[in-house]
Amino acid sequence: MSLLVMPKQSADPDEMYSVLEIYYKINGWLSNKDLIEKLKLKLQNKLEPQAYTKKTQIPAYFGFIEWEDQKNSQSLRRITESGKRFFESLKNENKNLVFEELLFCLETLTFGKNALGV
């Protein structure tokens, strides 16, 4: 029996939107340090640095964010093409496209312990 392993972080929609928005605007590789600084400003809260990077787990789990070096959790990250489509759908409040992109992820990605967000 295969057990699905989900990231142990919040799936708060506003936080996920903020993470995707930052990567979308950068449209390139971003360091953890820069992500932390941008998320602190955007979310207006004071958390431990690792709490900010953990907010990328859900988007990464669904393939919306990728690592430059998949074997190094500290490597640069960027939004994927799927992540761009998902973010644009959220931004435009197009629920049909949001669901289409989620279904695309479910059809094309491998979930479980080998997913980047885990």
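This is a predicted model, so every value here is computed, not measured.

So, how was this worked out
Residues numbered from 1 in each chain as written. Predicted model: local features only at pLDDT ≥ 70, side-chain atom pairs only at ≥ 80, totals over all residues. Heavy atoms only, no water. Helix = DSSP H or I, 4+ residues; strand = E, 2+ residues; numbered from the N terminus. Buried < 20%, exposed > 50% of the residue type's maximum accessible area, 1.4 Å probe, protein only. Contact = heavy atoms within 4.5 Å. Areas by Shrake-Rupley, 256 points an atom, 1.4 Å probe, with all protein chains shown as cover. Axes fitted to C-alpha atoms, helices over the stretch in contact; angles between N-to-C directions. Parallel < 35°, antiparallel > 145°, perpendicular 65-115°, else oblique. Left-handed = near helix turned anticlockwise from the far one by under 90°. Nonpolar A, V, L, I, M, F, W, Y, C, P; charged D, E, K, R; others polar. Salt bridge = Lys/Arg side-chain N within 4 Å of Asp/Glu carboxyl O.

The next thing to look at is the overall build of the protein chain. A count of helices and strands for the protein chain gives 6 helices and 2 strands. Going from N to C terminus, the protein chain has its helices and strands arranged as α-α-α-α-β-β-α-α. Relative to its 118 residues, the protein chain shows a buried fraction of 39%. In the protein chain, the share of contacts with a sequence separation of at least 24, taken over all contacts with a separation of at least 6, comes to 57%. When the accessible surface of the protein chain is split by element, carbon and sulfur atoms take 51% of a total near 7,700 Å².

On to unusual backbone geometry, then. One non-glycine residue with positive phi stands out, namely Asn27, at about 55°. By the secondary structure assignment, Asn27 is in the loop between helix H1 (13-26) and helix H2 (32-43). In this structure, Glu93 is a non-glycine residue whose phi angle is positive, near 55°. Considering the arrangement of structural elements, one finds Glu93 in the loop between helix H5 (81-91) and helix H6 (95-108). For Glu93, a relative accessible area of 71% gives the class exposed.

Here we take up the packing of H1 against H5. Two elements in contact, H1 and H5, have axes separated by 10 Å at closest approach and are oriented at 120°. Here H1 is positioned oblique relative to H5, judged by the angle of their axes. Considering the relative orientation of H1 and H5, their crossing is left-handed. Along the contact surface, H1 presents Met16, Tyr17, Leu20, Glu21 and Tyr24, while H5 presents Lys84, Phe86, Phe87, Glu88, Leu90 and Lys91. A breakdown of the residues in the contact of H1 with H5 according to their chemical character gives 7 nonpolar, no polar and 4 charged.

Time to look at the pattern of salt bridges. In total, this model carries 6 salt bridges according to the counting rule given. The partner of Glu21 in a salt bridge is Lys25, with the nearest N and O atoms 3.6 Å apart. Linking Glu21 with Lys25, this pair stays in helix H1, spanning 4 residues, or about one helical turn. With relative accessibility at 13%, the residue Glu21 sits in the buried group. The exposure class assigned to Lys25 is exposed, which follows from its relative accessible area of 64%. Of the charged contacts, one joins Glu81 and Lys84 as a salt bridge, the two residues approaching to 3.1 Å between their closest N and O atoms. Residue Glu81 and its partner Lys84 are located together in helix H5, separated by 3 residues, close to a single helical turn. When salt bridges with common partners are traced through the structure, they connect Glu21, Lys25 and Lys42 into a single cluster.

Moving on, we come to H5. When H5 is considered as a whole, its buried residues turn out to be Ser82, Gly83, Lys84, Phe86, Phe87 and Ser89. For H5, the elements touching its buried residues are H1, strand S2 (77-79) and H6. Within two residues after H5, Glu93 carries a phi angle of roughly 55°, on the positive side.

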